[in-house]
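# Coordinates in review
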Amino acid sequence: MRRALDRLANETFDLLIVGGGVTGACVARDAAMRGLKVALVEKNDFAGATSAHNSKLVHGGLRYLRNFELGLVRESLKERRIWQRIAPHLVHPLPFLVPSYSGGWRARAILNAGLTLYDILSFDKGWLDDPAQKLPNHSWLNRKKALELEPVLDAPGLEGALQYYDAQMYSPERLALECLLDADANGAAIANYVEGGKLLNHDGRIEGCNVRDVESGAMFDVRAKLTLVATGPWADIFLEQALSKPTSHKLMRSKGIHVLVPALTRQAALTVATGTGHFFVLPWHGHTLLGTTDTPFKDNPDQVAVSEKEIDAFFALINKHLPRAQLTREKAEYFYAGLRPLVDDGSGDTYGASRRSELVDHAQGDGLDGLFSAIGGKWTTSRDLAQCAVDAIVEKLKLPAAECETDEDPTAGGDVGRIGGFIALQRAEHPDLPTIEHLAHMYGARLPDMLSQCNNRPELRAAIGNAGDIGAQIVFAVREEMALHLSDVVMRRTSMGQLGAPSREALDTASRIMAAELGWNEEHRQSEIAALAPWFATREAA
Ligand SMILES: Cc1cc2nc3c(=O)[nH]c(=O)nc-3n(C[C@H](O)[C@H](O)[C@H](O)COP(=O)(O)OP(=O)(O)OC[C@H]3O[C@@H](n4cnc5c(N)ncnc54)[C@H](O)[C@@H]3O)c2cc1C
C-alpha cells in the first residue's frame, strides 16, 4: 500500500472519505470491495486517534441493556461474531468476572437477568467454525472458585462472581489497517498525512475537498461525486471549518483514559461496579489495562492527553473497589486518552448517552447535496455502520454495485483457518523466533510476507524492544504499510510503544532501520525520536 497522491490529485472518485479511523477504514473496505472508485485521506496516521485509544473490546455492551437499547446490543453481538470470523488472528474470546458482595443480592439478580438476555441476544455466538472462538453462556462462580481464578478479587463480603464472555482485539490499530489494506487491494486511493480542508461547494453541491499534504505542504483538490466525513470526534469542527458556517449537526465529546499496569489478573477480565458507573480490568499482552473514565471534554480534540490528576483519581477509585490492586503512581507503565464522539442530546450526561452510530445525509438539514457524515458509536459496530453507509451512498448515486461481502470475506490477514492450528504451524516453522505467537497474531496470513523481509537479512529476525517485535516488521511497515514516521511504527504497526516508552536502544535500532529505508539524515532521525516523547508524558489541562 503506497500513498496515492497522484491519483488523489488527478482522478475523479465516486466516494471521498475524510478520516482514516476504523469508521473510514471500514467504509473504504466495503465501498472498494463493491466496486466503487474510492479515495481516503487521513490527516495523521491511520487509526491514530479514537480507534487506538479505547478499551480494545469487541463487545455487545452489556451495560446498554440497562437503557433497554436491545437493538444496539443485538447488532453489537452479531458484529462481535463477524469480527471473530473475518479476523480470528486479531479478535479472541475474553472471559469476564463481575464480583458480587454480600448485601448485593438485588444487583446480582438484575445482573443475572441481564446476562441471561445477553446470552439470548447472542444466540448465534456458536456459528463459528473454530471451536476456540465459540463463547459459552454466563455462569455463577462461588467465592472459592472466583478466588481460585482471580485472587485479586479477595475483599470483605465477596460472595462470588458472575462469569460471561466477550471478545478483545489484539491490536485495534492493525485491524483498522487491515481494512485499509483490503480497500487498497480493491483499487482505493489512500494516503495518510493528508488533511481535509475546505469542501468544494458548488451552489450547495459538494464535489470533493481541498486537501493539504502534511508532509510537503502541497495543496490540491480531491474530486468526488460524494464526500463522507468520518472524522470521529472532529466531525462537527471539521464541517464548520470546511463550510465556513455552522451545521445542524453537533457532537458532545467524552474523554476516557486508560492506564497500563503490571498484570493484576491471571486470565480473566473484571467488570467492577462503582455505584455511579463501572471500570474494566483487562488482561493485555501480559499486563493489565485499566479503563475507563467518562468526562465531558470541551477543548480542542488535537490536545487530548492524560493528566497526573486523572491517573491519581482513577487509581483511588480502583483501589476503593478492588482493594487488592494496591495501585500507586509508579505502577502506571503507559496511559492514553480517547474521545467518544457522542450525538449531542442536550443532556450533558456522557455516561448515559447512547453509543449508537449515526449516518447523516447533509442534504437534509443543511441543504448540502453529496455530503454524508458517519459518526462511529463503537469500534465493534463499525463494519455494520459502513455497510449501511455504502448502501445509502450506492442508492444516492444510483451506482451499480456488488453485494456487501465484508461480513464473509476475511480481512487482509484473516484467512488463517483455526487460529490455534495456525499458531502451532508457525511455531514449528520458525523455532528460532521466540515471539512467533505475537507475530502470528499481528500479521495472520500476511506473516510469510512480513518475514520475507528477512530473506538475505538475518539481522532483521532480531528482537527490538520488549513487546515481541522484530526488525523485519519495520521494513515491512515502511514498504507495504505506509509507515512514514517513527511514531507510526512504534505506536501502531508494531507493539513497541504499547507497553510503555521503549528503551533508547530500541528506538535507536528502529529509527536506523527506517532511516535506511527512507533516506533520513542524522538530524531527521533524531527529530523522529524526539517526536515520540509526548506519547509517554502526562499533561495537565490548561
Ligand atoms: C475511552 C473509549 C473507550 C472505548 N472503548 C471501546 C471498546 O472497547 N469497544 C468498542 O467497540 N468501542 C469502543 N470505543 C468507541 C470506538 O473507539 C469508536 O467508536 C471508534 O474508534 C470511532 O472511530 P472513528 O473512525 O469514527 O474515529 P477516529 O478513530 O477518531 O478517527 C477519525 C479520524 O479522522 C481524522 N481526521 C480528523 N480531521 C481530519 C481532517 N480534517 N482531514 C483528514 N482526517 C481527519 C483523525 O485524525 C482520525 O484519525 C471507545 C471509545 C473511547 C473514547
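Report on the accompanying structure. Not measured: the values here are computed from a predicted model.

### Observations regarding the site of the ligand
- Around the ligand, the surrounding shell holds 37 residues, and the nearest of these are Thr23, Glu42, Thr50, Ser51 and Thr380.
- At 3.1 Å from a nitrogen atom of the ligand is found a main-chain nitrogen or oxygen belonging to Lys43.
- Thr50 has a polar side-chain atom sitting 2.5 Å from an oxygen atom of the ligand.
- Coverage of the ligand by the protein chains reaches 97% of its 1000 Å² of free accessible surface.

### Digging into the packing of aromatic side chains
- One pass over the full model with this rule turns up eight aromatic pairs.
- Here Trp83 and Trp379 contribute two aromatic rings whose centre-to-centre distance is 5.5 Å and whose plane-to-plane angle is 65 degrees, an arrangement assigned as edge-to-face. Of the two residues, Trp83 sits in helix H3 (residues 70-86) while Trp379 sits in the loop between strand S18 (371-375) and helix H10 (382-397), which places them 296 residues apart along the sequence. The same class applies to Trp83 as to Trp379, namely buried.
- Look at Phe96 and Phe280: their rings are 5.8 Å apart centre to centre, the planes differ by 70 degrees, and that puts the pair in the edge-to-face class. Of the two residues, Phe96 sits in strand S4 (residues 91-101) while Phe280 sits in strand S13 (residues 278-284), which places them 184 residues apart along the sequence. Of the two residues, Phe96 and Phe280, both sit in the buried class.

### Considering the nonpolar core
- In this structure, Ile17, Trp83, Ile190, Leu228 and Met450 are the most contacted members of the largest nonpolar core, which totals 112 residues.
- Apart from the residues within four sequence positions on either side, Ile17 is in contact with Gly24, Val27, Ala28, Val38, Ala39, Leu40, Val41, Leu228 and Ala230.
- Core analysis: the next-biggest nonpolar cluster, separate from the first, contains 29 residues, Leu147, Leu264, Phe279 and Ala325 among them.

### A look at the pattern of salt bridges
- With the rule as written, the count across this model stands at 43 salt bridges.
- Salt-bridge contacts for Asp213 lead to Arg3; the nearest nitrogen and oxygen are separated by 2.8 Å. With Asp213 in strand S9 (residues 205-213) and Arg3 in the segment before helix H1 (5-10), the pair connects residues that are 210 residues apart, well separated along the chain.
- The residue Asp236 makes a salt bridge to Arg253 at a minimum N-O spacing of 2.9 Å. Linking Asp236 in helix H7 (residues 235-243) with Arg253 in strand S11 (residues 251-262), this pair joins segments that are 17 residues apart in sequence.
- Overall, the relative accessible area of 6% leaves Asp236 in the buried class.
- Owing to a relative accessible area of 11%, Arg253 belongs among the buried residues under this scheme.
- Each of Arg504, Asp508, Arg512, Glu522 and Arg525 takes part in one network of salt bridges that share partners.

### What about the pairing of strand S10 (residues 219-229)?
- Alignment of strand S1 (residues 12-18) against S10, held across six bridges, turns out to be parallel. Bridge assignment links Thr12 to a residue of S10, and that residue is Arg223.
- Hairpin geometry of S9 and S10 is characterised by an intervening segment of five residues between the two adjacent antiparallel strands and by a positive phi of about 85 degrees at Gly217.
- When S10 meets S18, the two strands line up parallel, connected through three bridges. Bridge assignment links Thr227 to a residue of S18, and that residue is Leu371.

### So, H3
- Counted at 1.5 Å a residue, the expected span for H3 with its 17 residues is 24 Å, and the 24 Å between its end C-alpha atoms agrees.
- Taken as a whole, H3 has its buried residues at Leu72, Val73, Ser76, Leu77, Glu79, Arg80, Arg81, Ile82, Trp83, Gln84 and Ile86.

### Concerning a nonpolar patch on the surface
- On the surface, a nonpolar cluster with roughly 240 Å² of combined accessible area is contributed by Leu70, Leu117 and Ile120.
- Position of Ile120 relative to the elements: it lies in helix H4 (residues 105-121).

### Some thoughts on unusual backbone geometry
- Looking along the chain, the bond that leaves Gly291 and enters Thr292 is cis, with omega of 0 degrees.
- If you check the backbone angles, Lys398 has positive phi at about 50 degrees while not being a glycine.
- Here Lys398 shows up in the loop between H10 and helix H11 (419-429).
- For Lys398, a relative accessible area of 72% puts it in the exposed group.

### Some points on the side chain of Arg34
- Position of Arg34 among the secondary structure elements: in the loop between helix H2 (22-33) and strand S2 (38-41).
- For Arg34, a relative accessible area of 7% gives the class buried.
- In terms of polar contacts, Arg34 uses its side chain to reach the backbone carbonyl oxygen of Gln387, at 3.3 Å.
- Each residue touching Arg34, except ones within four places of it in the same chain, is listed here: Gln387, Val390, Asp391, Ala401, Ala402, Glu403 and Cys404.

### Thoughts on the pairing of strand S6 (residues 158-169)
- Where burial is concerned, most of S6 is hidden: ten out of the twelve residues are buried.
- Sheet topology places strand S3 (residues 57-58) next to S6; two bridges connect them, and they run antiparallel. Note on S6: the bridge partner recorded for Leu57 is Gln168.
- When strand S5 (residues 139-142) meets S6, the two strands line up antiparallel, connected through four bridges. Looking at S6, one finds that Asn142 is bridged to Gly160.

### Describing the environment of Asp299
- Looking at the secondary structure, you find Asp299 in the loop between strand S15 (295-297) and helix H8 (308-321).
- Taking the C-alpha atoms as reference points, Asp299 and Glu11, 288 residues apart in sequence, are found 37 Å from one another.

### Let's talk about helix H6 (residues 172-185)
- Helix length check: H6, at 14 residues, gives a terminal C-alpha distance of 20 Å against a target of 20 Å (1.5 Å per residue), a fit within 8%.
- The buried fraction of H6 is high, at twelve of 14 residues.
- Pro172, Glu173, Arg174, Leu175, Ala176, Leu177, Glu178, Cys179, Leu180, Leu181, Asp182 and Ala183 are the residues of H6 that are buried.
- One or two steps after H6, the chain reaches Gly187, where phi turns positive at roughly 95 degrees.

Basis of the calculations
Residues numbered from 1 in each chain as written. Predicted model: local features only at pLDDT ≥ 70, side-chain atom pairs only at ≥ 80, totals over all residues. Heavy atoms only, no water. Near = heavy atom within 4 Å. Polar contact = N/O pair within 3.5 Å; in protein donor to acceptor, adjacent residues only side chain to side chain. Areas by Shrake-Rupley, 256 points an atom, 1.4 Å probe, with all protein chains shown as cover. Phe/Tyr/Trp six-rings, centres within 6.5 Å; stacked < 30°, edge-to-face > 60°. Helix = DSSP H or I, 4+ residues; strand = E, 2+ residues; numbered from the N terminus. Buried < 20%, exposed > 50% of the residue type's maximum accessible area, 1.4 Å probe, protein only. Core = buried A, V, L, I, M, F, W, Y, C linked by side-chain atoms within 4.5 Å. Contact = heavy atoms within 4.5 Å. Salt bridge = Lys/Arg side-chain N within 4 Å of Asp/Glu carboxyl O. Pairing = 2+ DSSP bridges. Expected span 1.5 Å × (residues − 1). Patch = residues over 30% accessible without salt bridge, like charges linked within 9 Å, V, L, I, M, F, W, Y side chains within 5 Å.

The quantities given are spatial measurements derived from coordinates; they are silent on function.
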